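Here is how the chains run, residue by residue.
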Amino acid sequence: MDFVTLSTIGIRVMAFLFGAVIGSFLNVCIYRLPAGESLTKKNSHCMTCGTPIKWYDLIPIISWLVLRGKCRACGSKISGRYILVESLTGIMFVLTFLQFDVITDGLIYPALLCLFIAGLIVIGFEDYDTQEMTVGVLIYLGIVAIATRLLTHFLPTHIRGCDITFTDGLIGLFAVSVPFLIIGFVITPLVYSFIDEDRKSARKIRKRLRTQDLDKTEERKLEKALEKHLEAVKEQKPVFGFGMGDVILMAAGGLMYGWKTVVFAAFAAVILGGICAIVLKYRASHSYGKDVKAFAFGPFLTIGLALSSFFGTQLMDMYINYVYTSTHLI
Ligand SMILES: [Zn+2]
């Protein structure tokens, strides 16, 4: 084996090991950030017995396998999530580096992509667990995206490593985030105000209070009912709608990957999310009779972004090409 092949393999192995170590830290972020706990203060400890975990039981992937997913002190189960996140991060880092020839493209752009993917992994799991995204991680993604666009804009071409232009990123910033903003904050509430029972009742009561001449007891009764409906409206989460987190995530994703990738990611996420919703609904209606709860859309968006970061631009180019040639054939 010659030197170039050997060093390329070496870099990929390093990327996996480094990814696994980062994944170990991401696990801490995923558990502690939504709870508002400090990332640095406490040492790792068993979730069941509280025993501090020794350094040799903190080796990414390997420790979990050696302990077979059980605490050394009390034998209680350690979540498979740990090894999942560690190996996922390792694999994503390798896949990122596979796209580049580090010797000609330089290390900067692949490294920035890895930093962004690390944030995506945290956001995805956080949103899956809690249906919320931590503001800090969204800001982190935004900063990585801005830094990437600025660095790749001003770096000399031969070490830039990416062909996404400043304009691509700028269009990407708005390409999906703005439609999400309109759907989430204009269309969804509007549709809901027409189909939701609580909202309809609230509107009717308000109208009665305004137009009819009521005595004091009746008025108080209606006001109480109105309050109850408004409370119910406040508590419900839209089944299909985008939150501010989704909007910011797609803005950062667009700036990072360019408009083609982020548009592809949004389509991929909607399709994946739709399939998942149908499966959940089918299972709920056939076996357990459980109600389908509103589920977070963020994990699908992060999967869409991560997947399309590898081949989204090429697929969108193929699609655009296809549309272009088929419309010009007629
Ligand atoms: Zn324990």
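Scroll up to find the structure this text is about.
Our subject in this report is the structure included herewith. Just so it is clear, the structure is predicted and the values come from calculations on it, not from any experiment.

Cut-offs used in this document
- Think of each chain on its own: its residues are numbered from 1, step by step along the sequence as written.
- Under the rules for a predicted model, residues below a pLDDT of 70 receive no local features and side-chain atom pairs below 80 are neither given nor counted, while totals for whole chains, interfaces and linings still include all residues.
- Here the side-chain values reflect all heavy atoms present in the structure, with hydrogen atoms and water set aside.
- Here a helix means four or more residues in a row that DSSP labels H or I, a strand means two or more in a row labelled E, and each is numbered from the N terminus.
- For every residue, the accessible area obtained with a 1.4 Å probe (protein chains only) is divided by the maximum for its type, and the residue is called buried under 20%, exposed over 50%, and partly exposed between those limits.
- Note on definitions: a residue-residue contact is assigned when non-hydrogen atoms from the two residues lie within 4.5 Å.
- Per-residue and other accessible areas were derived by the Shrake-Rupley procedure at a 1.4 Å probe size, with only the shown protein chains allowed to occlude residues.
- Positive residues here are Lys and Arg, negative ones are Asp and Glu, while His and the chain termini are left out of the count.
- Throughout, a charge is located at the NZ atom of Lys, the CZ atom of Arg, the CG atom of Asp or the CD atom of Glu.
- One side-chain nitrogen of Lys or Arg within 4 Å of one carboxyl oxygen of Asp or Glu is enough to make a salt bridge.
- As used in this record, nonpolar core signifies buried Ala, Val, Leu, Ile, Met, Phe, Trp, Tyr and Cys residues forming a set joined through side-chain atoms within 4.5 Å.
- Think of the donor list as every N, O and S atom within 2.8 Å of the metal, or within 3.2 Å for Na, K and Ca; water never makes the list, so a site can look incomplete.
- The rule is simple: four donors are tetrahedral if all their angles sit between 85 and 135 degrees, four are square planar and six octahedral if opposite donors span more than 155 degrees and the others lie between 65 and 115, and anything that fits none of that is irregular.
- For patch detection, residues must exceed 30% relative accessible area and be free of salt bridges, and they are connected within 9 Å for like charges or within 5 Å for nonpolar side chains (Val, Leu, Ile, Met, Phe, Trp, Tyr).
- Each residue after the first adds 1.5 Å to the expected span of a helix.
- Side-chain atoms alone can form a polar contact between residues adjacent in sequence; in general such a contact is a pair of N or O atoms within 3.5 Å, and within protein one must be able to donate a hydrogen while the other accepts it.
- Both cavities and pockets are sets of points on a 1 Å grid over the protein atoms alone; in a cavity a 1.4 Å probe fits but cannot get out, in a pocket the set is open with protein on both sides within 12 Å along at least five of seven lines, and lining residues sit with an atom within 4 Å of a point.
- Grid points are joined across faces, edges and corners, and a volume is the space filled by probe spheres set on the points.
- Lys, Arg, Asp and Glu make up the charged group, whereas Ala, Val, Leu, Ile, Met, Phe, Trp, Tyr, Cys and Pro make up the nonpolar group; the residues left over, Gly among them, are polar.
- Two cysteine sulfurs form what is called a disulfide whenever their separation falls within 2.5 Å.

### Digging into the overall build of the protein chain
Assigned secondary structure in the protein chain consists of 13 helices and 0 strands. Mapped from its N terminus to its C terminus, the protein chain presents α and β elements in the order α-α-α-α-α-α-α-α-α-α-α-α-α. On the principal axes, the C-alpha backbone points of the protein chain span a range of 90 × 70 × 40 Å. The 330 residues of the protein chain split such that 36% are buried. Sequence-distant contacts in the protein chain: of pairs separated by 6 or more residues, those separated by 24 or more amount to 72%. Summed over all atoms, the accessible surface of the protein chain reaches about 20,200 Å², with 68% contributed by carbon and sulfur. In the protein chain, which carries 32 positive and 26 negative side-chain charges, the distance between the mean positions of the two groups comes to 6 Å.

### Digging into the pattern of salt bridges
Under the counting rule described, the total for this entry stands at 6 salt bridges. Aspartate 57 is paired through a salt bridge with arginine 72; the nearest N and O atoms lie 2.7 Å apart. Of the two residues, aspartate 57 sits in the loop between helix H1 (3-32) and helix H2 (62-66) while arginine 72 sits in the loop between H2 and helix H3 (81-98), which places them 15 residues apart along the sequence. By relative accessible area, aspartate 57 is classed as buried at 13%. When the shortest N-O distance is used, the salt bridge between aspartate 196 and arginine 199 registers 3.5 Å. By relative accessible area, aspartate 196 is classed as buried at 12%.

### Some words on the environment of isoleucine 271
Summarising the element assignment, isoleucine 271 is placed in helix H12 (residues 259-288). Accessibility expressed as a relative area gives 53% for isoleucine 271, which makes it exposed. Along the primary structure isoleucine 271 and leucine 58 are separated by 213 residues, whereas in three dimensions their C-alpha atoms are 38 Å apart.

### Comments concerning the nonpolar core
If you look at the biggest cluster of nonpolar residues, it comprises 47 residues, and the most contacted ones within it are Phe116, Phe180, Leu249 and Met250. Counting only elements with at least two residues in this core, the list comes to H1, H3, helix H5 (108-130), helix H6 (135-154), helix H11 (244-257), H12 and helix H13 (298-329). In terms of residues, this core owes the most to one element, H5, which gives 11 residues. Setting aside residues up to four positions removed in sequence, phenylalanine 180 forms contacts with Phe242, Asp246, Val247, Met250, Ala266, Phe297 and Leu301. The next biggest cluster of nonpolar side chains, apart from the first, holds 6 residues, and it includes Ala15, Val94, Phe97 and Val102.

### So, the coordination of the zinc ion
Coordination angles at a metal have ideal targets, namely 109.5 degrees for four tetrahedral donors and 90 or 180 degrees for six octahedral donors. The protein atoms donating to the zinc ion are Cys46 (SG), Cys49 (SG), Cys71 (SG) and Cys74 (SG), with metal-donor distances spanning 2.3 Å. Coordination at the zinc ion comes from 4 donor atoms whose angles at the metal span 105 to 119 degrees, giving a geometry best classed as tetrahedral. In terms of primary sequence, the donors binding the zinc ion are separated according to C-x2-C-x21-C-x2-C. Here cysteine 49 is found in the loop between H1 and H2, whereas its partner cysteine 71 is found in the loop between H2 and H3, with 22 residues between them in sequence.

### Overview of a negative patch on the surface
Residues Glu223, Glu227, Glu231 and Glu235 make up a contiguous surface patch of negative charge. Within the element layout of this structure, glutamate 231 appears in helix H10 (residues 216-235).

### Brief notes about H1
Between its terminal C-alpha atoms H1 stretches 43 Å, which fits the 44 Å expected from 30 residues at 1.5 Å a residue. Elements that come into contact with the buried residues of H1 comprise H3 and H5.

### Points about the side chain of serine 63
Along the chain, serine 63 turns up in helix H2. Judged by relative accessible area, which is 5%, serine 63 ranks as buried. For serine 63, the side chain forms a polar contact with the main-chain oxygen of aspartate 57, separated by 3.4 Å. At 2.9 Å, the side chain of serine 63 forms a polar contact with the backbone nitrogen of isoleucine 59. With residues up to four places along the chain from it excluded, the contact list for serine 63 reads Tyr56, Asp57 and Leu58.

### As for empty space enclosed by the protein
Scanning the entire structure with this criterion turns up 1 cavity of 30 Å³ or more. Quantified by volume, the largest cavity comes out at close to 30 Å³. Along its surface, the largest cavity is lined by Thr8, Ile11, Arg12, Phe97, Phe100 and Val102. With 3 residues, the single largest contributor to the lining of the largest cavity is H1. Grouping the amino acids of the lining of the largest cavity by side-chain chemistry returns 4 nonpolar, 1 polar and 1 charged.

### With respect to the state of the cysteines
Overall, the coordinates contain 0 disulfides when judged by the stated rule. This cysteine, cysteine 29, is not joined by any disulfide, and cysteine 114 carries the nearest cysteine sulfur, 16 Å off.

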